[in-house]
Amino acid sequence: MNQFRFSRRPDIGKRVSVSFEFFPPKTDEMEARLWNTVTRLEPLQPEFVSVTYGAGGSTRERTARTVKRILTETGIPAAAHLTCVGASRNEVNAVIREYDALGIKRFVALRGDPASGVGQAYSPHPGGYENGAELVAGLRSIADFDISVAAYPEKHPESPDFATDIEMLKRKVDNGATRAITQFFFDNDIYERYVERVRRAGIYIPIVPGIQPVHNFRQVANFSSRAGAHVPAWLAERFEGLDEDPQTHALVASAVAAEQVMDLIERGVGDFHFYTMNRADLAFAVCHMIGIRAHEPAAMPAAAAAGSAAA
Ligand code: FAD
């Protein structure tokens, strides 16, 4: 009976599309690591990749440089994240025009977190875009960009309730967003209920699940509460005792992410956005498990080639 599970169909990899998120590197060493990651993931032919924007525009140049390099040196469509925190409309518009002139036509439009840190009270810059929805309108007024926005299956921590949260998503869509990428989550029922709510509100753009492979459980658990994503007890149990055992941690993380993605495929989901943390291994392994293969096969190592020739 199991052979008929949708996620095990031989052609499933052709029906699923993936995107990968990176952050802009700070040092030459980090840049080299990012580039190894991009080079490893590129043959999987992602729908697009995206590069985050540091708090308060702190990575404006590095984000642009990284997106530009991906556009120039790979065939992958690349999006720049952009926030409006701590900047006037004119300043944000100048960044948009600068990116546009570099050939960047895809954006992930975000309000951003307060400069004082995630979870602190937010107050918009006087004369700035107040929220993600206003930033989408600002982008649209400049050019016909491809615009993604953020969505929160467990609602944004600042939202008093789901209705307010989804109303904000609706405003983003009304202003021109064509795709939402979710905050990460670990309980697929929460995502499914959220998508039902969103559809009932008359929002029909793709709500692409953000998948967080757990590279470091402690870090993810710390960040989760501030990001409005809860860590279920069963997840904590799976990583229990593995802080000093990176190999087992990585194996468990790969199993956890693959299980989550396959279950979403069973529920009819076809697009996935991976928060890679600039590391390829877990995202690559999950993509492999769901049948996504490198377009150009990697060259066979000499020893393996010799072995197969002898067989
Ligand atoms: P908004 O949608 O503007 O607001 C968030 C919520 O606050 C709304 O859902 C709404 O409920 C409430 N709210 C806001 N304004 C109002 C209002 N006027 N009236 C009523 N309710 C309101 N951060 C970065 O700094 N850089 C990044 O590159 C980055 N990338 C991200 C990518 C993804 C996929 C996600 C999910 C998040 C990302 N973030 C990033 C984090 C994001 O900036 C924070 O979650 C931020 O707190 C909210 O941004 P937003 O665009 O969702 O905000």
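What you see is a predicted model, and the numbers here were worked out from it, not measured in a lab. (Residues numbered from 1 in each chain as written. Predicted model: local features only at pLDDT ≥ 70, side-chain atom pairs only at ≥ 80, totals over all residues. Heavy atoms only, no water.)

A. Spotlight on the side chain of Ser50. Within the element layout of this structure, Ser50 appears in strand β2 (residues 48-51). Accessibility expressed as a relative area gives 0% for Ser50, which makes it buried. A distance of 2.8 Å separates polar atoms of two side chains, one belonging to Ser50 and the other to His81. What Ser50 contacts, discounting residues up to four positions off in sequence, is Phe20, Glu21, Phe22, Ala79, His81, Val108 and His273. (Helix = DSSP H or I, 4+ residues; strand = E, 2+ residues; numbered from the N terminus. Buried < 20%, exposed > 50% of the residue type's maximum accessible area, 1.4 Å probe, protein only. Polar contact = N/O pair within 3.5 Å; in protein donor to acceptor, adjacent residues only side chain to side chain. Contact = heavy atoms within 4.5 Å.)

B. Spatial organisation of helix α2 (residues 28-41). Across its 14 residues, α2 extends 20 Å between first and last C-alpha, which sits within 8% of the 20 Å expected from 1.5 Å per residue. Taken as a whole, α2 has its buried residues at Leu34, Trp35, Thr37, Val38 and Leu41. The buried residues of α2 occupy one face: seen down the axis, they fall within an arc of 160°. Summarising the geometry of α2, the exposed residues directed more than 90 degrees from the buried face are Asp28, Glu29 and Asn36. Where α2 is buried, its residues touch β1 (17-22), α3 (60-73) and α11 (281-289). (Expected span 1.5 Å × (residues − 1). Arc of directions from axis to C-beta.)

C. Structural context of the site of the ligand. Near the ligand there are 21 residues, and of these Tyr53, Asp113, Gly132, Tyr152 and Ser159 occur at the shortest range. Interatomic distance of 2.7 Å between a backbone N/O atom of Tyr53 and a nitrogen atom of the ligand. The contact in question runs from an oxygen atom of the ligand to an N or O atom on the side chain of Asp165, over 3.0 Å. Here the ligand loses 84% of its free accessible area of 970 Å² to cover by the protein chains. Listing elements by their share of the shell around the ligand, those giving two or more residues are β3 (78-83) and α6 (162-174). Top contributing element to the shell around the ligand by residue count: α6, with four residues. Of the residues that constitute the shell around the ligand, the class distribution is seven nonpolar, ten polar and four charged. (Near = heavy atom within 4 Å. Areas by Shrake-Rupley, 256 points an atom, 1.4 Å probe, with all protein chains shown as cover. Nonpolar A, V, L, I, M, F, W, Y, C, P; charged D, E, K, R; others polar.)

D. Focus on the pattern of salt bridges. Taken as a whole and judged by the stated rule, the model has 20 salt bridges. Glu73 is the salt-bridge partner of Arg69, the closest N and O atoms lying 3.1 Å from each other. One end of the pair is Arg69 and the other is Glu73, both in helix α3 and four residues apart, which spans about a single turn. A salt bridge links Arg89 to Glu134; the shortest N-O distance between them is 2.8 Å. Residue Arg89 is located in helix α4 (residues 89-101), and its partner Glu134 is located in helix α5 (residues 132-142); the two are separated by 45 residues in the primary sequence. You can call Glu134 partly exposed: its relative accessible area is 22%. One network of salt bridges, with partners in common, ties together Asp189, Glu192, Asp263 and Arg267. (Salt bridge = Lys/Arg side-chain N within 4 Å of Asp/Glu carboxyl O.)

E. Main features of the pairing of strand β9 (residues 271-275). Counting buried positions along β9 gives four out of five residues, so the element sits mostly inside the fold. Note that β1 and β9 share five bridges and pair parallel. Note on β9: the bridge partner recorded for Ser17 is Asp271. When strand β8 (residues 210-211) meets β9, the two strands line up parallel, connected through two bridges. The partner of Ile211 across the bridge, within β9, is Phe274. (Pairing = 2+ DSSP bridges.)

Function cannot be read off these values alone, since they describe shape.
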